[in-house]
Amino acid sequence: MLKKLKLDRDFSKYNYLSLDSATVNGLDDATSFRTVRNAMQIVGFMEDEVQSILELIAAVLKLGNIEFKPESRVNGFDESRVKDKNDLKEMCELLGIEQSVLERAFSFRTVEAKMEKVSTTLNVAQAYYARDALAKNLYSRLFTWLVNRINESIKAQTKTRKKVMGVLDIYGFEIFEDNSFEQFIINYCNEKLQQIFIELTLREEQEEYIREGIEWTNIEYFNNAIICDLIENNKNGILAMLDEECLRPGTVTDETFLDKLNTVCAEHQHFESRLSKNSKFLTDHSLPHNCFRIQHYAGKVLYQVEGFVDKNNDLLYRDLSQAMYKASHNLIKLLFPEGNPAKVNLKRPPTAGFQFRASVGTLMKNLLTKNPNYIRCIKPNDKKAAHIFTDSLVCHQVRYLGLMENVRVRRAGYAFRQAYEPCLERYKMLCKQTWPHWKGPAREGVEVLLSDLQVPAEEFAYGRSKIFIRNPRTLFFLEEKRGQCLEDLAALIQKIYRGWKCRTHFLLLKKSQVVVAAWYRRFAQQKKYQNIRCSALVVQSFIRGWKARKLLRELKHKKRCEEAVTTISAYWHGTQVRREYRKFFRANAGKKIYDFTIQRIIQKYYLGLKKTMPSMSPIDKSWSTCPYGFLDGTHQELRRVFHLWRCKKYRSQFTEEKKATYEEKLAASELFKDKKALYPSSVSQPFKGDYVEITKNPKYQKLNSLIEDKVLLADVVSKINRANGKGTPRIFLLTKKCLVLADQKTGQVKASVPLPDLSSVFVSTQNDGFFALKLREGATSAAKGDYLLSSERLIEIITKLHCTGAASADRNQIKIDISDEFLVQFKQDKVCVKFIQGTPKNSNSVSCKRKNNRLLEVSIPSP
């Protein structure tokens, strides 16, 4: 492609690309180029059109490399000549232009006046001006052609689509350190857009209140029509005076233009200049002599007058237009229609300011015929980075976007308005009188709705066709109520649907059951028939057998003689068989000897095993070695059978009480082995149950009488205080139905918790005795919250609790949760109990301390 476009990959060789802005960090030119090519294909550009665009851009790059040198003529004037004609030649080949025609256009200029033509030479400065003017025109006209081409491809078909949405992306207000002609016309466009924004938004806001009959306090806002008139007035406007200065004969400079402004606009309140007749700016050192300042709606902007006249002229010589029209390139002819010799126009081409003002006027007329909606984009920072908010930049944008006036009008009035019909349709479900259908006028329905919801009267107002709501929170209240109502309606629909689905499923099951029952009855009758048939066959067979035996007895007498002969023959035959057997035995004597030897070896093995039999202890793992290799399998199987028999014998010696104790020990192993550091020390300790002798101690007779069931466990525990984490001794009693906490000194019952109210028990993994009793939410005994206790016999207490809960069939099993951090409920507060290691070295005790309202810390000595 580069070879076809006659370009070099090193972009620094081209003057227009050798500036610092040619390279931008973070941008991938190759990816952008592929994206543009793909977009052109999607929009509908033909391949020859894309090639023509690329050739035109390559020609602009070549044009920027053309340099000129002076050449003296006979008349004493300098004439410009092209230094190196290689770039000119390649450019002419790309565009299909004769090289001599374009070279002459850079050296001579033809001026036509009526019927006369005057040809003048161009000096080097004028040649460079003509070159840059041609490059800018090529690029600008290509851009305009691209916009028109894209609009032509994507425009809506008016026959099928009557409504069209257009998007206008406008450039923002520009205030730089050096502001010139470009910033002036951009800010002029923003002034016009702000003016139409005021007319279509703020004024319409107030007119709507008047139209709807809503009481309204008029809000004064700034109307920038006076600034627009200062710029675009046909007689005394800045653009008009700039065009007049560019067109008048004589010496025209930027200074003469500024002098004219100082004369005409000196008294204008939004125009400031150091050289104007207004004396208050004579000593203003922030206003240079070659500048003027305009007070726009977004703030004051200082414009440097240098370059205004040249940029406003920006004329393309007619010779260059005609040279471009002679090109064989199809796109070039479309871009320069004024170069057609048949359509020569002797009028001076319009200035840049005139064209821009006409374009803005067309845009304003187009906007006034549409229904515009504004989207204001605010840039939070200049770094294009997240989480950075520059206050001054945002305030500046809010000010020049005119949002303050809009907010003031909105605050003075009503934030939300809606016609009665859609409002009633959206919120009618919130009132029983309007749901599901309201038969009266929509306004009356809205009045009934708001009255039923008890919305304050100052929060809304009734217009002729709309309801007006003052604060957004009222609207949020309505939306919240509507969301809740929609959830209720959805639940009702789901309920009805589930009922229908279940009924349909039941009817299908019923129909299927009838079919299955019919088939089963058929199968049962068939099976019954087969059984009867088989029984009949058996009876028939027995009868036939009886008849056959009877016939056999009748024939038996006749055959006795024959049988006697047969017997004698059989005896003789038996004798012969015995002779043959003795011969066979003598031939197979070796096999008999082998079998006998094996029997003796097995007998010896069993006798030896009897002498080396291990003890009857189930933990004795000793067993004799097998003396014969072929009996290894039998040896291991006998070992397994003996161990099972030995264990059975050992278990048969247990009493019921001892058996229950071992079952509790087994349950403790399943709960705490390898989970709780305290468990190994409890293995050797038997579970006694009653450690305070509650039935024998006279001190606790009254307490014992209050307990109806048998006491499974009685021990002294320490109840942890919720406030300071200190412990108080309590008697812990466990029965099959409840657990009781009583005072150790007086025996008075402090708390009684039914076991069904106990949901779970929390213990730590450390070597401590702390455990928490978690009560079920809503239980009567849970009013004071959960219980945090400490005991040296934690393993036995938790095991008996677990076994008692598992033995009851009418309640759920108590859950045991082993963790170093858990939550307990202390009245209205949820407290986190956390176990940590690392107490002082001289302390071997476990300490509990309340850190704050949410944390109870238990310190455990390091092992």
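What counts, and at which threshold
- Residues numbered from 1 in each chain as written.
- Predicted model: local features only at pLDDT ≥ 70, side-chain atom pairs only at ≥ 80, totals over all residues.
- Heavy atoms only, no water.
- Helix = DSSP H or I, 4+ residues; strand = E, 2+ residues; numbered from the N terminus.
- Buried < 20%, exposed > 50% of the residue type's maximum accessible area, 1.4 Å probe, protein only.
- Contact = heavy atoms within 4.5 Å.
- Areas by Shrake-Rupley, 256 points an atom, 1.4 Å probe, with all protein chains shown as cover.
- Axes fitted to C-alpha atoms, helices over the stretch in contact; angles between N-to-C directions.
- Parallel < 35°, antiparallel > 145°, perpendicular 65-115°, else oblique.
- Left-handed = near helix turned anticlockwise from the far one by under 90°.
- Nonpolar A, V, L, I, M, F, W, Y, C, P; charged D, E, K, R; others polar.
- Pairing = 2+ DSSP bridges.
- Phe/Tyr/Trp six-rings, centres within 6.5 Å; stacked < 30°, edge-to-face > 60°.
- Lys NZ or Arg CZ within 6 Å of the ring centre and 35° of its normal.
- Patch = residues over 30% accessible without salt bridge, like charges linked within 9 Å, V, L, I, M, F, W, Y side chains within 5 Å.
- Salt bridge = Lys/Arg side-chain N within 4 Å of Asp/Glu carboxyl O.
- Lys, Arg positive; Asp, Glu negative; His and termini not counted.
- Charge placed at Lys NZ, Arg CZ, Asp CG, Glu CD.
- Core = buried A, V, L, I, M, F, W, Y, C linked by side-chain atoms within 4.5 Å.

**Q** Quick question: what am I supposed to make of the overall build of the protein chain here?
**A** Helix and strand content of the protein chain: 26 helices and 22 strands. Counting only residues that meet the buried cut, the protein chain has 35% of its 863 residues in that class. By sequence separation, contacts in the protein chain at least 24 residues apart represent 57% of the contacts at least 6 residues apart. When the accessible surface of the protein chain is split by element, carbon and sulfur atoms take 55% of a total near 56,500 Å².

**Q** How should I be thinking about the packing of helix H9 (residues 238-247) against helix H10 (residues 254-264) in this particular structure?
**A** Two packed helices can be described by the angle between their axes and the distance between those axes. Running from amino to carboxyl end, H9 crosses H10 at an angle of 140 degrees, the nearest separation of the two axes being 10 Å. Relative to H10, the element H9 lies oblique. In the crossing of H9 with H10, the sense of the turn from one axis to the other is right-handed. Seen from H9, the contacting residues are Ile238, Met241, Leu242, Glu244 and Glu245; seen from H10, they are Thr256, Phe257, Lys260, Leu261 and Val264. When the residues that make up the contact of H9 with H10 are grouped by side-chain class, the tally is six nonpolar, one polar and three charged.

**Q** Looking at this structure, how should I read the pairing of strand E11 (residues 713-720)?
**A** It is a general feature of regular strands that their side chains alternate between the two faces of the sheet. In terms of burial, E11 is largely enclosed, as six of its eight residues are buried. One ladder, built from eight bridges, connects E11 with strand E12 (residues 727-734); its direction is antiparallel. Counterpart to Val717 in the pairing with E12 is Arg730. Taken together, E11 and the strand that follows it, E12, pair antiparallel across an intervening segment of six residues, in which Gly725 is found at a positive phi of about 80 degrees. Note: E11 against strand E17 (residues 787-790), two bridges, orientation antiparallel. Paired with Ser718 across the two strands is Ser790, which belongs to E17.

**Q** Looking at this structure, how should I read the sheet that holds strand E5 (residues 271-273)?
**A** Strand pairing within a sheet occurs via backbone hydrogen bonds; the two strands may be parallel or antiparallel. Pairing within the open sheet is antiparallel, and its three strands lie in the order E5-E6-E7. Both edges of this open sheet fall to E5 and strand E7 (299-304), since each of them pairs with a single strand only. With direction set aside, neighbouring strand axes in the sheet form an average angle of 25 degrees. The pairing of strand E6 (residues 291-296) with E7 spans six bridges and is classified as antiparallel. Along E7, the bridge assignment pairs Ile294 with Val301. This element, H10, spans E5 and E6 of the sheet and lies at about 125 degrees to E5.

**Q** What's the story with the packing of aromatic side chains in this structure? I'm lost.
**A** Tallied over the entire structure, the rule returns 20 aromatic pairs. Look at Tyr188 and Phe356: their rings are 6.5 Å apart centre to centre, the planes differ by 55 degrees, and that puts the pair in the tilted class. Pair noted here: Tyr188 is in helix H7 (residues 181-212) and Phe356 is in helix H14 (residues 352-368), with a separation of 168 residues, a long-range link. We note that Tyr188, like Phe356, is buried. Ring centres of Phe271 and Phe292 lie 5.8 Å apart, and the angle between their planes is 25 degrees; this geometry places the pair in the stacked category. Linking Phe271 in strand E5 with Phe292 in strand E6, this pair joins segments that are 21 residues apart in sequence. Exposure class is identical for Phe271 and Phe292. Each is buried. Through a chain of ring-to-ring contacts, three or more aromatic side chains come together here, namely Phe181, Phe184, Phe257, Phe271, Phe292, Tyr303 and Phe308. In this structure, Lys665 is placed above the aromatic ring of Phe687, and the distance from its NZ or CZ to the ring centre is 4.1 Å. Note that Arg793 overlies the ring of Tyr691, its terminal NZ or CZ placed 3.9 Å from the centroid.

**Q** Would you take a moment to explain a positive patch on the surface for this structure?
**A** On the surface, a cluster of positive charge is made up of Lys648, Lys649, Arg651 and Lys659. When residues in the positive patch are grouped by element, the largest group, three residues, is from helix H22 (residues 632-651). Topologically, Arg651 is positioned in helix H22. A relative accessible area of 52% places Arg651 in the exposed class.

**Q** Would you explain the sheet that holds strand E9 (residues 460-462) in this entry?
**A** Ordered by their spatial adjacency, three strands build an open sheet running E8-E10-E9, and the pairing between neighbours is antiparallel. Edge positions in the open sheet fall to strand E8 (416-419) and E9, since each of these has one partner strand only. Direction aside, neighbouring strands of the sheet carry axes that sit 20 degrees apart on average. The pairing of E8 with strand E10 (residues 466-469) spans four bridges and is antiparallel. Bridge assignment links Arg417 to a residue of E10, and that residue is Phe468. The strands touched by helix H18 (residues 442-453) within the sheet are E9 and E10, with E9 carrying the most contacts at an inclination of about 155 degrees.

**Q** Would you explain the nonpolar core in this entry?
**A** Here is a general trend for soluble globular proteins: nonpolar side chains tend to be buried in one another's company. One finds Leu102, Phe106, Leu134, Leu138 and Met324 to be the most contacted residues of the largest nonpolar core, which totals 46 residues. Put simply, the parts of the chain that give this core at least two residues each are helix H3 (47-64), helix H4 (85-95), helix H5 (99-105), helix H6 (124-154), helix H12 (318-325) and helix H13 (330-335). Other than its neighbours up to four places away in sequence, Leu134 contacts Leu63, Met91, Leu102, Phe106, Leu316, Leu320, Met324 and Phe336. Residues Phe173, Ile231, Leu367 and Leu403 belong to the second largest nonpolar core, which totals 39 residues.

**Q** Explain the pattern of salt bridges to me, please; I cannot follow it from the model alone.
**A** Pairs may arise between side chains of opposite charge once their charged atoms sit close together. If you walk through the whole model with that rule in mind, you get 27 salt bridges. A salt bridge links Lys466 to Glu208, with the nearest nitrogen and oxygen atoms 2.6 Å apart. In this pair, Lys466 is assigned in strand E10 and Glu208 in helix H7, connecting sequence segments 258 residues apart. Residue Lys466 is classed as partly exposed on the basis of its relative accessible area, which comes to 25%. Assessed through its relative accessible area of 8%, Glu208 is described here as buried. Linking Glu459 and Arg473 is a salt bridge whose minimum nitrogen-to-oxygen distance equals 3.6 Å. Taken together, the residues span a long stretch of sequence, with Glu459 in the loop between H18 and E9 and Arg473 in helix H19 (residues 472-556) at a distance of 14 residues. Its relative accessible area of 9% is what places Glu459 among the buried residues.

**Q** Whenever I open this one, the environment of Asp817 confuses me. Can you help?
**A** Looking at where Asp817 falls in the secondary structure, it is placed in strand E18 (residues 815-818). For Asp817, a relative accessible area of 27% corresponds to the partly exposed category. Between the C-alpha atoms of Asp817 and Phe771, which are 46 residues apart in sequence, the distance is 9.9 Å. Those residues within four positions of Asp817 in sequence are excluded, and the remaining contacts are Val761, Phe762 and Val763.

**Q** Help me understand unusual backbone geometry, please; the structure alone is not making it clear to me.
**A** At the junction of Trp435 and Pro436, the peptide bond is cis and its omega measures out at 5 degrees in the coordinates. Residue placement: Pro436 occurs in the loop between helix H17 (420-427) and H18. Non-glycine residue Lys384 carries a positive phi angle of around 55 degrees. Residue placement: Lys384 occurs in the loop between H14 and helix H15 (391-400). Unusually for a residue other than glycine, His387 sits at a positive phi of about 65 degrees.

**Q** Help me understand a nonpolar patch on the surface in this model?
**A** Where nonpolar side chains cluster on the molecular surface, the patch consists of Phe11, Tyr16 and Leu17 and spans about 240 Å² of accessible area. Within the secondary structure, Phe11 is located in the loop between helix H1 (2-5) and helix H2 (29-43). Relative accessible area serves as the criterion here: at 40%, Phe11 is assigned to the partly exposed category.

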